[in-house]
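Coordinate analysis (summary)
Residue-level listing of the chains:
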Amino acid sequence: METYGDLVAAEDVLLFVNAAITGTGQREFHSGAAEQQLSLDFLHEYMLVNYRGPYAAALALDINDHNAALIVRRLLETSRDATDEQRRTEGRLIARRLRLLPPQRVYRLIGELRRAKVNNRRTRAILRDWLAARPDQALDAVKYRAGLKLALRHTHLRPVAEETGDFLYAPRRRTAYAAPLLDAWRRAHYEQGALYELPYTVAEGFANRHGIPRAAFLQKIEPRLTGLERLRLQESARTLGATAVTADATALARMPLTRLASYVLGLPPADRTARRAELTDALRGVLDDSWSAYGSGVKRRRPLAAALACHFLLAALAGEYTALWTSGRGDALLARPSGPTPLGRRILDALDTAPERLVIVSDGWDNAPPGLAAEVLRVWRTRLDPEHRTSIVHLNPVYDAEGFDVRRLAPTVPTAGLRDAEDLPALVEFARFAEGRTDLAELTAHLAARTERFLAADGAVRVPVARTTGPDETATGSTAAESTETAEETVR
């Protein structure tokens, strides 16, 4: 039988997962960066102290990279507080998650660990295996030079090749390098043609040093661009006349859905209309396009991009689908953030047809009039549809720093944080835990299953997730001395 402490524990875990999916510590429309960072730091500390098992298991969920790095750092900083079983599970989760993070974020994490003086055997073993798994250390030496130098020093490792060590620590010692990338970097200091053999981010600095016109540089560096770089530079290159930098329909179709939606929203309306067939072919509820969907200067139009991506995904997945934007617009491709947020009225319009499922994508700031959405949903659930014939879920792409959670529309409607539309099916499944009295045993089983699938994709063995304990309880288990821990126990 579930106790009150079990219910509190389950709600705390759900609250943290929503925050880890949406919060990035950056400025949002309704809160500043300092508030966001302070709120997230508190949640991470609270979860680490009271629910270490589920806190580590969050690495197996669809949380964003910012919070994944924070979890890894805090777990490594507090290794002595974990039991043997927890350390083994955490080691596998950390190793797997690091391989999914962008390399620049991992190098930044290593810098934070170095400044915090976290350099125990467990940390060195995990970072050593991550560095060994990097496909091309010469590329990392050129593109992430400072990060790689710091990582090698922190883990007490030598570079894979002797010339890579010379490149990092004494670049003028050699007159030539056998590795093409290293030698191209050397020659790019005095030879303009060599910079076009380098990655775009490195070549850009050399182009500025040599005074190469931007249009000419983009035209020649085009073969070295990654898909995301090509997408980001396409419009500026078109303005400058660098016609080689284009993203064809095939390249657009390979883009992640939410990132592609952000790109579409950055185009002028006239361009969206002219390229309608190309853009909608690539993309393949109630949706919030009010002014607050603009986001902030550092996360420009991110909430609206999430709503637009969900629109196209729902249209593809549902047998019958109707989109209702808060602005009343009917053309999703021309969506733009504007006006108030009349969620209550749009929800009324949606429920008027008694749909099988209602998906609401919004930041939850219902203000035209305030509170109407909550009242509509309360009356619908308690008076008109107590049998739950219509399934309702609210997906919120914005973290509310003041409430330590995503903003909810009504207590009777499950709410889940949304980062990328690609995760929508899994989020709808996870949101069911936020409806009514959360079953702690079921939630713990769900986390264990997600952890098992996450580790199985990397060839790891099955591991259990420790039962959640309440904030007033203590997790039992003996703590072994860290010196007895081997790399194999930690990582594999």
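Model, not experiment: these values are computed from the prediction.

Examining the pairing of strand E4 (residues 391-396)
With five of six residues buried, E4 lies mostly within the body of the structure. The sheet contact formed by strand E3 (residues 357-361) and E4 spans five bridges and is parallel. The residue bridging Val361 from the neighbouring strand is Leu395, located in E4. At this point the chain moves from E3, through helix H21 (residues 372-384), to the parallel E4, and the crossover so formed is right-handed. Bridge count between E4 and strand E7 (residues 415-417): three bridges; the pairing is parallel. Within E7, the residue paired with His394 across the bridge is Thr415.

Considering empty space enclosed by the protein
Taken as a whole, the largest cavity encloses approximately 60 Å³ of empty space. Along the walls of the largest cavity sit Val17, Ile21, Leu61, Asp62, Ala426, Leu427, Phe430 and Arg450, which together make up its complete lining. Residue assignment for the lining of the largest cavity shows that the elements contributing at least two residues are helix H1 (4-22) and helix H22 (424-431). Ranked by the residues each element gives to the lining of the largest cavity, the list is headed by H22, at three residues. Residue classes in the lining of the largest cavity are distributed as six nonpolar, no polar and two charged.

Quick word on the nonpolar core
By size, the foremost hydrophobic cluster in this structure holds 117 residues, and its most contacted members are Leu98, Leu198 and Phe217. Broken down by element, the residue count for this core peaks at 10 residues, all from helix H19 (residues 302-317). Residue contacts for Leu198: discarding those within four places in its chain leaves Val142, Leu181, Ala184, Trp185, Ala188, Ala203, Phe206, Ile221 and Arg224.

A short note on the packing of helix H6 (residues 103-115) against helix H9 (residues 145-155)
As a packed pair, H6 and H9 sit with axes 9 Å apart at the nearest point and diverge in direction by 45°. Compared by their axis directions, H6 and H9 come out oblique. Helix-helix and strand crossings are classified by hand; for H6 and H9 the assignment is left-handed. On H9, the residues touching Tyr107, Ile110, Gly111, Leu113 and Arg114 of H6 are Gly147, Leu148, Leu150, Ala151, Arg153 and His154. Each residue belonging to the contact of H6 with H9 can be placed in one class, and the counts come to six nonpolar, three polar and two charged.

Some thoughts on helix H4 (residues 65-77)
Here H4 is 13 residues long and its end C-alpha atoms lie 18 Å apart, about the 18 Å a rise of 1.5 Å per residue gives. H4 sits mainly inside the fold: 10 of its 13 residues count as buried. Among the residues of H4, those classed as buried are Asn67, Ala68, Ala69, Leu70, Ile71, Val72, Arg73, Arg74, Leu75 and Leu76. Packing partners of the buried residues in H4 comprise H1, helix H2 (33-50), helix H3 (52-57), helix H5 (84-100), H6 and helix H7 (121-133). One side-chain oxygen of the residue at the start of H4 lies 3.2 Å from the amide nitrogen of His66, identifying that residue as Asn64.

Observations concerning the side chain of Glu222
In this fold, Glu222 is placed in the loop between helix H13 (214-221) and helix H14 (227-240). Within the structure, Glu222 has its side chain in polar contact with the side chain of Arg230 (distance 2.6 Å). Those residues in contact with Glu222 that sit more than four places away from it in its chain are Arg230, Ala244 and Val245.

Some remarks on the layout of surface pockets
If a probe as big as a water molecule is rolled over the atoms, it shows which places are left empty. Looking at the largest pocket, its volume works out to about 1900 Å³. Lining the largest pocket are 45 residues, and of these Leu228, Arg259, Arg302, Arg419 and Asp420 sit closest to its centre. Listed by contribution, the elements that provide at least two residues to the lining of the largest pocket are H4, H5, H6, helix H8 (137-143), H14 and helix H16 (257-265). It is H14 that provides the largest number of residues to the lining of the largest pocket, a total of five residues. Residue classes in the lining of the largest pocket are distributed as 16 nonpolar, 10 polar and 19 charged.

Notes on the pattern of salt bridges
A pair can form between side chains of opposite charge whenever their charged atoms are brought close. Summed over the entire model, instances satisfying the criterion amount to 25 salt bridges. Arg122 is paired through a salt bridge with Glu90; the nearest N and O atoms lie 2.7 Å apart. Of this pair, Arg122 sits in helix H7 while Glu90 is found in helix H5, placing the two residues 32 residues apart along the sequence. Each member of the pair Arg122 and Glu90 is classed as buried. One salt bridge in this structure joins Asp385 and Arg381, with 3.2 Å as the shortest N-O distance. Considered together, Asp385 and Arg381 belong to a single accessibility category, that of buried residues.

What to know about unusual backbone geometry
Look at the link from Ala368 to Pro369: it is a cis peptide, with omega at -5°. Looking at the secondary structure, you find Pro369 in the loop between E3 and H21. At Lys117, a position not held by glycine, the phi torsion is positive, near 60°. For Lys117, a relative accessible area of 75% translates into the label exposed. If you check the backbone angles, Ala354 has positive phi at about 50° while not being a glycine. In this structure Ala354 comes out as exposed when scored by relative accessible area, which is 51%.

Some remarks on the confidence of the model for the chain
Of the residues in the chain, 85% have a pLDDT of 70 or more, and the chain-wide mean is 83. This model gives residues 460-492 a pLDDT under 50, and the stretch forms 74 contacts once residues within four places in sequence are excluded.

Focus on the environment of Ala307
Looking at where Ala307 falls in the secondary structure, it is placed in helix H19. Overall, Ala307 belongs to the buried group, its relative accessible area being 1%.

Notes on the packing of aromatic side chains
This structure, assessed with the given rule, holds 11 aromatic pairs. With a centroid separation of 4.8 Å and an interplanar angle of 75°, the aromatic rings of Phe167 and Trp185 are classed as edge-to-face. Highlighted residues: Phe167 in helix H10 (residues 162-169) and Trp185 in helix H11 (residues 180-187), separated in sequence by 18 residues. The residues Phe167 and Trp185 share a single accessibility class, namely buried.

About the cut-offs
Residues numbered from 1 in each chain as written. Predicted model: local features only at pLDDT ≥ 70, side-chain atom pairs only at ≥ 80, totals over all residues. Heavy atoms only, no water. Buried < 20%, exposed > 50% of the residue type's maximum accessible area, 1.4 Å probe, protein only. Helix = DSSP H or I, 4+ residues; strand = E, 2+ residues; numbered from the N terminus. Pairing = 2+ DSSP bridges. Right-handed = clockwise from strand over helix to strand, strands pointing away. 1 Å grid on protein atoms, 1.4 Å probe; cavity = no way out; pocket = protein on both sides within 12 Å on 5 of 7 lines; lining within 4 Å. Points joined across faces, edges and corners; volume = space filled by probe spheres on them. Nonpolar A, V, L, I, M, F, W, Y, C, P; charged D, E, K, R; others polar. Core = buried A, V, L, I, M, F, W, Y, C linked by side-chain atoms within 4.5 Å. Contact = heavy atoms within 4.5 Å. Axes fitted to C-alpha atoms, helices over the stretch in contact; angles between N-to-C directions. Parallel < 35°, antiparallel > 145°, perpendicular 65-115°, else oblique. Left-handed = near helix turned anticlockwise from the far one by under 90°. Expected span 1.5 Å × (residues − 1). Polar contact = N/O pair within 3.5 Å; in protein donor to acceptor, adjacent residues only side chain to side chain. Salt bridge = Lys/Arg side-chain N within 4 Å of Asp/Glu carboxyl O. pLDDT = per-residue confidence, 0-100. Phe/Tyr/Trp six-rings, centres within 6.5 Å; stacked < 30°, edge-to-face > 60°.

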